[in-house]
Structures are given as structure tokens and as C-alpha cells.
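Remarks on the overall topology
What follows is each chain in one-letter form.
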Amino acid sequence: MTDPKSGPTLVDPSQWSCPAPVAPVDTIQVAHGGGGRMSQKLTESVFLPAFRNPALEALHDGAILSLPPGRVAFSTDSYVIHPIFFPGGDIGSLAVHGTVNDLAMCGARPLHLSAGFIIEEGLPIADLKRIVASMARAASEAGVTVVTGDTKVVDRGKGDQIFINTAGIGVVPEGIEIAPTRARPDDVVLVSGEIAVHGIAILSVRQGLQFETEMVSDSASLHDLVGAALEVAGAHLHVLRDPTRGGVASALNEIAASAGVSIELEERSIPVNEAVQGACELLGFDPLYVANEGKCLAIVAPSRAKAVLEAWRAHPLGRDAAIIGQVREEPRGRLVLHTRIGARRIVDMLSGEQLPRIC
Amino acid sequence: MRFVDEYRDGEAVRRAAAAISSAQTRPWTLMEICGGQTHSILKFGLDQLLPGKLTLVHGPGCPVCVTPLELIDQAVEIAARREVIFTSFGDMLRVPGSRKSLLQVKAEGGDVRIVYSPLDAVKLAEANPMRQVVFFAVGFETTAPANAMAVWRAHELGLANFTVLCSHVLVPPAIDAILGAPDCRIQGFLAAGHVCTVEGTEDYEPLARKYHVPIVVTGFEPVDLMTGILMCVQALEKGEAKVENAYKRSAGSAGNPAARALVRRIFKTCDRAWRGIGVIPQSGLELRDEFKAFDAAGRFECGHIRTEEPKECIAGEILLGHKRPSQCSAFGSQCTPEHPLGAPMVSAEGACAAYYAYRRTA
């Protein structure tokens, strides 16, 4: 009971306040992938402004596209790199370059991409915006549009910050027939620049290894470089491959096996820069097995090899291009290296990852 | 690239090859002791430039290859424990124990991490006081100083959560065992340049005298190896049996006194089992009693784990130079880098893996 003398304590409604119950959200939460209002807000505030194009803005379940005439090339790849930001790029630019390059290696002009994001709860939205902006920049440079997408959020600890899948389509011009089976004896093997740069750049940031010069990933879209080669070689360009995971050695082994030919490399002709070579010496790695993200291998009829080399060297991404070897008949399915001291040996596929050695 | 190109110069290598041919009047059999040298010889194709009457036998100097199976099993047992962060140099992770490898333990949820220096493992222990950090301390004289430094550092910091699973091995007792074997056909040795950089060359003098063999301290680049082979052949032709140094830019007769002192402060010599060979007396290093607190086998009570080697593998004959990898019936068929039957096929520096990688059909 209230004491009649003192009466109930009076409150002054003008002093009441209603504190905002939720601070502005600055990290990804599970609800961002739930399909509700938060998902919608994320799409509107992050994805749409970055990727803006009519097909995407329809916000349909899928994109409806008109393609130029020709055969359609279709490719997909998932990106799970750690760290997500690295010297020379980030997971966003890599996700665009990777799929654009897979299409370019089919001889296609890349046109449209899809983007699927699997985000771990807790990723700062600022990081997501940075990644998406970088994807948009890479897409615009490559002349492709991101026309459809999806976002899922997983509980903390169930992912590694962010995974991105991109799929892409492109159109292969009439008369172009690029396939690993087309490598034939006497064809010439070219590489568009210094190898092993991306793998060593990622390893050096991942492991905190310090070198005199900073290692910067070579991640780049290669469609333009491919265009330059097609222009001068046309149907005489037989095989293209971007030697990503497993490096030049694995890519050429696969080609030798699928074409039933042998590929001979000249060790002294393979461009490796000093910083990468030094890091490889230190770690016991062979640069032939280290990943690239902005290099292209081409196998060309001998009559057009010089023209492709010159076209590449005139391109900013191909300044260090080189002729590194030739296709032979025997031993079938094998990659053979002429060592710099004048001996011969096979270069095998790796059985697992390269692991740093003990001594 | 400086310090690399001049030692991989094709012209210099061919000159040395010609000098070896003209110096040699009869067949000789040499052993390069170190797996790194075997790897270089096959990777660069040096053996293709040598005269036919010169035989190179590939020795047991690969730390991954000679680490006993039961030690891998102990590592696997420790690494699977929830409280443990198990750290190792990269190339030990793939080595299969009798049931699984450290990579499999990692896939099953074990906290297994690659480190580039044992001191990084000490830092991990400082940063994770609630976890037990274990470092897999394998290797020859080359890795012993850094491992000794890690134990010393942990001792100074008073870390109670850092231990090493130790299986260090030493080169001179292995040379002694090889030369002392009744059917030994090795007439000259290329000693490992980096081992001598640490430990010096004095321990080799008595061996050269006892068995009357030339021992040439040799580096790892093509020009180094060809120079070492040339000096060894010249010594054999003259009937000399002494220790010579073809790796003076790095190795001196006294080695690195600071490193040697630290190794002796932390470790003492012990009998040690070599995978595929068996126990070689006084051929290993173990923690001195005052540092036994840092012994992982003791802390996790797994020293009792004993494992038999599989019978098919002729690793012992390979490591002792009695057979070449290609003379093994399992080579390249039942035994490949994906499914190794024995250690020399596992490590990149193992003789069988080197033959598999570089010498199948080309």
C-alpha cells in the first residue's frame, strides 16, 4: 500500500526516453541470409549499387539474357582463398578473374557472370562492400556483367569469412576451336609472363614471410591477351590454359595426356623473376608447380608462334611472354624438361600439395 | 640470381664433367650422403653427364625417410589430443604412420600446423597458455641448433606447455655403419655441406683414416656437386684418403661454434633407430636429463608405441646403396608417392621419390 502522506512517486514523462534497441548493424548476421527484410536491405545497399545492370535489377529468380550468335561457353569455379585480402587483389577480384579466364581459355568472349556468396556470420559489412566493389571493378574491366546472385550466411566457425562461387557464360566466335586435345607435334608452347607469382605472394602473406621486395599477386583477366593471340593466330591457336593450382607443370601434363603427345620445355626459357625464384629456393618449392592467376599458356602452330609472341609482348599483361617449349610425339603423355645444364628429365604431376621442406 | 646462377652454369658443369672423365682411369663407386644432393643430381640430370664407369649410390641422408615408423605413430597419437597444437615442418605431415598420417589427423579435426621455424612453435605456446604445443623435432645436424634454441627459449620463458617430439640423427655414425657393413662397395663419400657448416669437418677425419676412403664436403648446386665428385675421383685415382672441402664458401673445419655449443647444452648422443636400417649406436640426439620436462614422448606417455616396418619395402637396401629404387619390384607399381610402402618414396628428397619424379620414362 502506498503511504497516503508521501503519495506515489511522480515521474516526469518529458524525461522518458526510448533508447534505440539495436545498434546500426555493421557485421553480417545470420538473418542477412534469411530471405527477409535484412537480406533485402543487404541486396539493396551492397550488391545492387555495385553491380547495377538491367538483368540484375529485375530481381527475378534468374537472369533472362539475349546472347550474340555463336557457341556458348559455360564455366564455374569456387573461391576459398585465405587471406581474403592480399597484395595485388582480394577474393572478389579473384572470383571474377578466375571465371573470366576459364571462359577465355575456351576461346570465348566472356559476357555474364553469376555470383554466389557464402558468408560467415560476423564478417564486417565494410569488408563485404570492399570485396563487392572490387568484383564490380574487375567485372567492368573485363567487360562482363554480374546478372544474378545469391547470398547465404553460415554460423560463426562454419566457414572462413567468405566463400564466393562465380559461374560465367561467353560466346565462342565462328572458326575458333580451342581444346587440350588439339595439341599436335611441332606446335610451339608459349607462356604470357613470369610464372609462380600468385602462389608465392599468397604464401608470403599467409605465413608472414618477409622478402626484400613485396610479392604482389598477378591476378588479372586474360580475355584481352587471348583476344590478341586469336587475332594473329585464329584457328592456328590450338590450346589455351591458365595454369592456376598445380602451376605450369600440372597444366602441361594434363594437356600432354589428353592430346596423347609429349611436351618438351626448355628450362632456361621459362620466365621466373628473382624474388619468386629466391622464395622458391628458400622453401624448397619448384616454381613449375606454383599457382598463377594472371598467366596464360598457349599452344600454337609453329607458323604463328612468333606472331603470338609479338602480340603478347606488345600487351601490358604479356611483356615478359616467352616461347618455352615444343610439342613432340614421344614419350606420349609426358612433360619433359631440358635442364639448364643440358640434361633431360620428366616433370611429373604432383601427388599432393608442395610442402616446405625440413632442411 | 646471385649465389644461384653461378652454381648452375651449364658451361662450368660441362667443364667439370670433362675433367672427371679425363681424371678417371677405372670404375669408382661414390655415395652422396644427403637426400638434397640426390634430389639435385636427378633434378638437374647430373648423372647423365658423368662417365659410365662412375657409379653414384644414394645415401640415407633424408630426415623424413629415416624417421622410424613408430615415431610417426607417436606423433599421430599426440596430435589427435584435444589439448594439443601439433607443429611440424611441412614435409613430415604426409608421411604415413602404420595407420594414418598427420595430414589425416588434421582432416579429422586435430590441430596440426606447419611452422617454418621451431621458434614459431615457442611463440604459439606463449600465445596459447591453455593449450599444449608440441614440435616435431626431426632432422640431421642441420636442424638441431634451431630445435635446441627452441627448447632453450622455452626453458628461459619457463613455459610449461611446450614440448618436442625428438628424433634427431647424426651423419658420421651413419657413414661408419655403412662403411663397416661387410658387403660395402662405397669407395668415396660426398659429405653434406650444410651439415658440415654446422658441425665442421673434424668428425670425418677418423672415418677417412679408419676405412681409407676420401670424404669430400660437397654443396647442393650442380657446380658444387660436380666439383665434389671431381675431387673425390682425383683422390681415389691418387690413392689418397683424406677429408677435403669443396664447399668452402659455407663450411669450415670448426663449423659454427655457437650452434655446436647450444646443441651440446640441450642434447646428448644416444642410440637411434633409423627407418629401414635399424639401430645405429650413438647416432641420435636426445634431450639431456635437465631438459626432460620438454620431452613430448614423456609428457604424453606414448613412448611405449612400437611399430613393425612393412616387409615388402626394401628401404634398408636402398638407403645403404645396395639397390637402386628402380630395382625394387614394387617401385612405381604397388609403391608410388600416393601409396608409399616405405619412407624413401614419401619425402621429396627420398631416393625412390626422386627416381619416381624424374626418371621414369624420359
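Residues numbered from 1 in each chain as written. Chains lettered and ligands numbered in written order. Predicted model: local features only at pLDDT ≥ 70, side-chain atom pairs only at ≥ 80, totals over all residues.

**Digging into the overall build of chain B**
- Scanning chain B for helices and strands turns up 15 helices and eleven strands.
- Here the C-alpha coordinates of chain B stretch approximately 65 × 45 × 45 Å along the principal axes.
- Taking all 362 residues of chain B together, 55% fall into the buried category. (Helix = DSSP H or I, 4+ residues; strand = E, 2+ residues; numbered from the N terminus. Buried ≥ 20, exposed ≤ 12 C-beta atoms within 10 Å, placed from the backbone.)

**Considering the pairing of strand β10 (residues 297-300) of chain A**
Residues and elements named next belong to chain A.
- Along β10, one buried face is formed by Leu297 and Ile299 and the opposite face, lined by Ala298 and Val300, is buried too.
- Bridge analysis of strand β7 (residues 188-191) against β10 gives four bridges, and the strand direction is antiparallel. When the bridges of β10 are listed, Val189 appears paired with Ile299.
- Looking at chain direction, strand β8 (residues 237-241) and β10 are connected through four bridges and run antiparallel. From the neighbouring strand, Arg241 faces β10, where its bridge partner is Leu297. (Pairing = 2+ DSSP bridges.)

**A word on the sheet that holds strand β4 (residues 111-114) of chain B**
All names here are of chain B.
- Reading across the sheet, the six strands line up as β4-β3-β5-β6-β11-β10 and stay open at both edges, with mixed pairing between neighbours. Each edge of the open sheet is held by one strand with a lone partner, namely β4 and β10 (267-274). Recorded for the sheet is a direction-independent mean angle of 25° between the axes of neighbouring strands.
- Bridge analysis of strand β5 (residues 132-139) against strand β6 (residues 162-169) gives seven bridges, and the strand direction is parallel. Paired with Phe136 across the two strands is Leu165, which belongs to β6.
- The strands touched by helix α4 (residues 69-79) are β3 (84-88), β4, β5 and β6; relative to β3, the strand with the most contacts, the crossing angle is about 140°.
- Helix α6 (residues 118-127) rests against β3, β5 and β6 of the sheet, and its axis sits at about 170° to β5. (Axes fitted to C-alpha atoms, helices over the stretch in contact; angles between N-to-C directions. Contact = placed C-beta atoms within 7 Å.)

**So, the interface of chain B and chain A**
- Counting residues at the interface gives 38 residues for chain B and 24 residues for chain A.
- Within the residue set of the side of chain B that touches chain A, elements represented by two or more residues are α1 (10-23), α2 (35-44), α3 (63-66), β5 and α15 (351-358) of chain B.
- Residue composition of the side of chain B that touches chain A, grouped by class: 20 nonpolar, nine polar and nine charged. (Nonpolar A, V, L, I, M, F, W, Y, C, P; charged D, E, K, R; others polar.)

**Structural notes on the packing of helix α1 (residues 37-51) of chain A against helix α4 (residues 125-142) of chain A**
All names here are of chain A.
- At a minimum axis distance of 9 Å, the contact between α1 and α4 shows a crossing angle of 15°. Of the possible angle classes, the one that applies to α1 and α4 is roughly parallel. Read as a crossing pair, α1 and α4 show a hand that is right-handed. Facing Val46, Phe47, Ala50 and Phe51 of α1, the residues of α4 in contact are Leu128, Lys129, Val132, Ala133 and Ala136. (Parallel < 35°, antiparallel > 145°, perpendicular 65-115°, else oblique. Left-handed = near helix turned anticlockwise from the far one by under 90°.)

**Overview of the sheet that holds strand β9 (residues 243-245) of chain B**
Residue and element names in this part refer to chain B.
- Pairing in this open sheet of five strands is parallel, and the strands run β2-β1-β7-β8-β9 from one edge to the other. Whereas interior strands pair on both sides, the edge strands pair on one side only; in this sheet they are β2 (54-61) and β9. Each strand axis lies, on average, 25° off the axis of its neighbour in the sheet, ignoring direction.
- Its contacts with the sheet put α2 on β1 (28-34), β2, β7 (188-192) and β8 (215-218), and the angle it makes with β1 is roughly 120°.

**Details of the pairing of strand β4 (residues 109-120) of chain A**
Residue and element names in this part refer to chain A.
- With nine of its twelve residues buried, β4 lies for the most part within the structure.
- Relative to strand β5 (residues 145-154), β4 is paired through nine bridges, and the arrangement is parallel. The residue of β5 that forms the bridge with Ile118 is Lys152.

**Points about the domain arrangement of chain B**
Residue and element names in this part refer to chain B.
- Taken domain by domain, chain B holds domain 1 (1-311) and domain 2 (315-358).
- Between domain 1 and domain 2, the C-alpha centre-to-centre distance is 18 Å.
- Facing the 26 residues of domain 1 at the interface are 19 residues of domain 2.
- For the side of domain 1 that touches domain 2, the secondary-structure elements that each account for two or more residues are α2, β2 and α3.
- Here the element with the most residues in the side of domain 1 that touches domain 2 is α2; it accounts for six residues.
- A class-by-class count of the residues in the side of domain 1 that touches domain 2 yields 15 nonpolar, seven polar and four charged. (Domains from an automatic or database assignment.)

**What to know about the packing of helix α3 (residues 91-104) of chain A against α4 of chain A**
Residues and elements named next belong to chain A.
- Closest axis-to-axis distance for the α3/α4 pair is 7 Å, and the angle between their directions is 30°. One finds that α3 runs roughly parallel with respect to α4. In the crossing of α3 with α4, the sense of the turn from one axis to the other is right-handed. For the pair α3 and α4, the contacting residues are Ile91, Gly92, Ser93, Ala95, Val96, His97 and Val100 in the first and Ile131, Val132, Ser134, Met135, Ala138, Ala139 and Ala142 in the second.
- Among the residues making up the contact of α3 with α4, the classes are represented as ten nonpolar, four polar and no charged.

**Structural notes on α1 of chain B**
Residue and element names in this part refer to chain B.
- With 14 residues, α1 extends 20 Å from end C-alpha to end C-alpha; this agrees with the ideal 20 Å at 1.5 Å per step.
- Along α1, the residues classified as buried are Val13, Ala16, Ala17 and Ile20. For α1, the buried positions fall inside an angular range of 105° around the axis, keeping them on one side. Of the exposed residues in α1, those oriented more than 90 degrees away from the buried face are Glu11 and Ser22.
- Residues of α1 that are buried make contact with β2 and α11 (222-238). (Expected span 1.5 Å × (residues − 1). Arc of directions from axis to C-beta.)

**A few points about the domain arrangement of chain A**
All names here are of chain A.
- Partitioning chain A into structural domains gives domain 1 (30-59 + 69-172) and domain 2 (180-346).
- Between the C-alpha centres of domain 1 and domain 2 the distance comes to 27 Å.
- Elements supplying a minimum of two residues to the side of domain 1 that touches domain 2: α3, β4 and α4.
- Residue contributions to the side of domain 1 that touches domain 2 peak at six residues, all from α3.
- Of the residues contributing to the side of domain 1 that touches domain 2, the split by class is eleven nonpolar, seven polar and two charged.

**Overview of the environment of Leu93 of chain B**
- Secondary-structure assignment places Leu93 of chain B in the loop between β3 and α5 (102-107).
- The spatial distance from the C-alpha of Leu93 of chain B to the C-alpha of Lys106 of chain B is 9.2 Å, given a sequence separation of 13 residues.
- Residue contacts for Leu93 of chain B: discarding those within four places in its chain leaves Leu355 of chain A together with Ser88, Ser101, Leu102, Leu103, Val112 and Ile114 of chain B.

**Some details on the nonpolar core**
- Core analysis: the largest hydrophobic core is formed by 129 residues, its most contacted members being Ala75, Leu165, Phe189 and Ala191 of chain B.
- It is α11 of chain B that contributes the most residues to this core, ten residues altogether.
- A domain split of this core shows at least three residues from each of domain 1 (1-311) and domain 2 (315-358) of chain B.
- Beyond its immediate chain neighbours, meaning those up to four positions away, Ala191 of chain B contacts Ile33, Cys196, Tyr204, Ile215, Val216, Val217 and Thr218 of chain B.
- Within the second largest apolar cluster, 101 residues are counted, among which are Ile118, Ile195, Leu230 and Val261 of chain A. (Core = buried A, V, L, I, M, F, W, Y, C linked by C-beta atoms within 7 Å.)

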